[in-house]
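Architecture and fold: a report
Here is what each chain is made of, one letter per residue.
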Amino acid sequence: MGMTDSQFKAFIMFLIDALKNAIDAKDPEEKTKRLNKILENLQSSLED
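Below, the structure is looked at part by part. (Residues numbered from 1 in each chain as written. Predicted model: local features only at pLDDT ≥ 70, side-chain atom pairs only at ≥ 80, totals over all residues. Heavy atoms only, no water.)

As for the pattern of salt bridges
- Enumeration according to the criterion identifies 1 salt bridge in this entry.
- Ionic pairing is found between R34 and E30, a salt bridge with its closest N-O pair at 3.0 Å. With R34 and E30 both in helix 2 (residues 28-47) and 4 residues apart, this pair spans about one turn of that helix. (Salt bridge = Lys/Arg side-chain N within 4 Å of Asp/Glu carboxyl O. Helix = DSSP H or I, 4+ residues; strand = E, 2+ residues; numbered from the N terminus.)

Focus: the environment of K26
- Within the fold, K26 resides in the loop between helix 1 (5-24) and helix 2.
- The class for K26 is exposed, based on a relative accessible area of 77%.
- Spatially, the C-alpha atoms of K26 and S6 are 33 Å apart, while their sequence positions differ by 20 residues. (Buried < 20%, exposed > 50% of the residue type's maximum accessible area, 1.4 Å probe, protein only.)

A short note on the packing of helix 1 against helix 2
- Close contact between helix 1 and helix 2 brings their axes to 8 Å; oriented N to C, the two are set at 160°. Judged by the inter-axis angle, helix 1 sits roughly antiparallel to helix 2. For the pair helix 1 and helix 2, the sense of crossing is left-handed. Of the residues in helix 2, those touching helix 1 at F11, L15, A18, L19, N21, A22 and I23 are K31, R34, L35, I38, L42 and S45. (Axes fitted to C-alpha atoms, helices over the stretch in contact; angles between N-to-C directions. Parallel < 35°, antiparallel > 145°, perpendicular 65-115°, else oblique. Left-handed = near helix turned anticlockwise from the far one by under 90°. Contact = heavy atoms within 4.5 Å.)

Encoded structure:
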């Protein structure tokens, strides 16, 4: 199933927000944890 342009833009905005949140983490372990969560969510999106 495809996405509309608006849905794709919303997806990208969520991804940008999650990446900024990961960048803001001061603790390297927390940063890694947040980035791994983003990767898990992206992988899950591909499998749906």
